[in-house]
Amino acid sequence: MKVTLKQTEKLLAGEGQKFEQFAFSMLLTRLRERYAKDSSQATVESCTNEVNAFLEKYKSIMAEDYAIIQSL
């Protein structure tokens, strides 16, 4: 499970997605705040790394949410 930079940008810019895992939603809230303050390429890359680390760690419970991310 790996998200791309473009998928991460869509996650950070979008507010409409609903995710099953509360912890993932909380992660996105924090990352969206960081992205709102600084939308540089370095920030997107850092956020992508955090999202990918989270997905790798919790891949067994993230299947439904990952399907939503893949559709972005």
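In case you missed it, the structure is sitting above this.
Rules behind the numbers
- Residues numbered from 1 in each chain as written.
- Predicted model: local features only at pLDDT ≥ 70, side-chain atom pairs only at ≥ 80, totals over all residues.
- Heavy atoms only, no water.
- Helix = DSSP H or I, 4+ residues; strand = E, 2+ residues; numbered from the N terminus.
- Expected span 1.5 Å × (residues − 1).
- Buried < 20%, exposed > 50% of the residue type's maximum accessible area, 1.4 Å probe, protein only.
- Arc of directions from axis to C-beta.
- Contact = heavy atoms within 4.5 Å.
- Salt bridge = Lys/Arg side-chain N within 4 Å of Asp/Glu carboxyl O.
- Core = buried A, V, L, I, M, F, W, Y, C linked by side-chain atoms within 4.5 Å.

**What to know about helix α2 (residues 22-37)**
End to end, α2 covers 23 Å across 16 residues, agreeing with the expected 22 Å (1.5 Å per residue, within 8%). Inspection of α2 places Phe24, Leu27, Leu28, Leu31, Arg32 and Tyr35 among the buried residues, and these make up the whole buried set. Buried positions in α2, seen along its axis, are confined to an arc of 140° and lie on one side of it. Among the exposed residues of α2, those pointing more than 90 degrees away from its buried face are Phe22, Ala36 and Lys37. Against the buried residues of α2 lie α1 (5-13), α3 (41-57) and α4 (63-70).

**Regarding the pattern of salt bridges**
Taken as a whole and assessed by the stated rule, the structure comprises 3 salt bridges. The shortest N-O distance in the salt bridge between Glu50 and Arg30 comes to 2.5 Å. Of this pair, Glu50 sits in helix α3 while Arg30 sits in helix α2, placing them 20 residues apart in sequence. Here Glu50 ties to Arg34 by a salt bridge, and the two come within 2.4 Å at their closest N and O atoms. Of the two residues, Glu50 is situated in helix α3 and Arg34 in helix α2; the sequence distance between them amounts to 16 residues. With relative accessibility at 25%, the residue Glu50 sits in the partly exposed group. Taken together, the shared-partner salt bridges connect Arg30, Arg34 and Glu50 into one network.

**Here's the deal with the nonpolar core**
One finds Phe24, Val51, Leu55 and Ile69 to be the most contacted residues of the largest nonpolar core, which totals 17 residues. Where this core is concerned, the elements lending two or more residues are α1, α2, α3 and α4. For Ile69, the residues in contact, after removing those within four places along its chain, are Val3, Gln7, Leu11, Phe19, Phe24 and Leu55.

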